[in-house]
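Overview (structure and organization)
The chain contents come next:
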Amino acid sequence: MASGSKSAEAERAAIRRAVQVFERRSTQVIGVADRPKMQFGKGRQRGQMDCVDESTNTDHFLRYLQSAGYLRFHTVSRRDARGSFFDGRYPHFTAVLKDGSGTLWAVDSWYEPAGGPPDVMRLAEWKERGYGGVR
């Protein structure tokens, strides 16, 4: 991130790597082991994060990058959600970026263990996914 990105696409790739580093290092320091996805009913296991935890952590990290001047092509938007039980999906949350054209991008690290590559995709595409715990 420090060298600066040359395009919005390059910045999203750098953000993806930065979230991986942030998660890997923070879970090492805290001493927790976060597995991919939280199985229903396992929320009380030490270190296991749900999508609310993951999206909140990612949102705060992205806001730090923004306040430090590392984001040139994106701004951080409000977290968003998909699913409502009625549509056959469990509610699921993500951090969100907005690029210069107004396109919203989901940054979702829930599907991987801590330090795994987060999904970074158009929010509209992200909202269409997620049936049965599948990406």
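Residues numbered from 1 in each chain as written. Predicted model: local features only at pLDDT ≥ 70, side-chain atom pairs only at ≥ 80, totals over all residues. Heavy atoms only, no water.

**A word on the confidence of the model for the chain**
When pLDDT is averaged across the chain, the result is 87; 86% of the residues are at 70 or more. Within the chain, the lowest mean pLDDT, 93, falls on helix α1 (residues 8-30), and the highest, 98, falls on strand β3 (residues 104-108). (pLDDT = per-residue confidence, 0-100. Helix = DSSP H or I, 4+ residues; strand = E, 2+ residues; numbered from the N terminus.)

**Digging into the side chain of Thr 58**
Structurally, the position occupied by Thr 58 is in helix α2 (residues 51-67). Separated by 2.9 Å, the side chain of Thr 58 and the backbone oxygen of Glu 54 make a polar contact. (Polar contact = N/O pair within 3.5 Å; in protein donor to acceptor, adjacent residues only side chain to side chain.)

**Side note on the nonpolar core**
Side chains of nonpolar character tend, in soluble globular proteins, to be buried together. Residues Ile 15, Ala 18, Val 19, Phe 61, Leu 62, Leu 65, Leu 71, Val 76, Ala 95, Leu 97, Trp 105 and Val 107 constitute the largest nonpolar core, which totals twelve residues. Secondary-structure elements contributing two or more residues to this core are α1, α2, β2 (92-99) and β3. In this structure, Ala 106, Met 121, Leu 123 and Trp 126 belong to the second largest nonpolar core, which totals five residues. (Core = buried A, V, L, I, M, F, W, Y, C linked by side-chain atoms within 4.5 Å. Buried < 20%, exposed > 50% of the residue type's maximum accessible area, 1.4 Å probe, protein only.)

**Examining the sheet that holds strand β1 (residues 74-82)**
On the basis of which strands lie adjacent, the open sheet formed by four strands has the order β1-β2-β3-β4 and antiparallel pairing. The open sheet has two free edges, formed respectively by β1 and β4 (119-122), since each of these has just one partner strand. Across the sheet, the mean angle from the axis of one strand to that of its neighbour is 30 degrees, orientation sign disregarded. In this sheet, β2 lies alongside β1 in antiparallel orientation, the contact comprising seven bridges. Bridging across to β2, Asp 80 finds its partner in Thr 94. (Pairing = 2+ DSSP bridges. Axes fitted to C-alpha atoms, helices over the stretch in contact; angles between N-to-C directions.)

**Points about α2**
For the α-helix, the turn length of 3.6 residues means that residues three or four positions removed from each other point alike. Between the first and last C-alpha of α2 there are 24 Å, a value that for 17 residues agrees with the 24 Å anticipated at 1.5 Å per step. Among all positions of α2, only Cys 51, Glu 54, Ser 55, Thr 58, Asp 59, Phe 61, Leu 62 and Leu 65 are buried. Downstream of α2 by one or two residues, Gly 69 has phi in the positive range, about 85 degrees. (Expected span 1.5 Å × (residues − 1).)

**Some points on the pattern of salt bridges**
This model, assessed by the stated rule, comprises three salt bridges. A salt bridge links Arg 63 to Asp 59; its shortest N-O distance comes to 3.0 Å. Pair noted here: Arg 63 and Asp 59 are both in helix α2, with a separation of four residues, about one helical turn. Judged by its relative accessible area of 34%, Arg 63 is partly exposed. By relative accessible area, Asp 59 is classed as buried at 8%. (Salt bridge = Lys/Arg side-chain N within 4 Å of Asp/Glu carboxyl O.)

**Focus: the pairing of β3**
Where burial is concerned, most of β3 is hidden: four out of the five residues are buried. Bridge count between β2 and β3: four bridges; the pairing is antiparallel. Bridging from a neighbouring strand, Leu 97 pairs with Trp 105 of β3. Hairpin connection of β2 to β3: four residues between the antiparallel strands, including Gly 102 at a positive phi of 95 degrees. Here β3 pairs with β4 via four bridges, running antiparallel. Counterpart to Asp 108 in the pairing with β4 is Asp 119.

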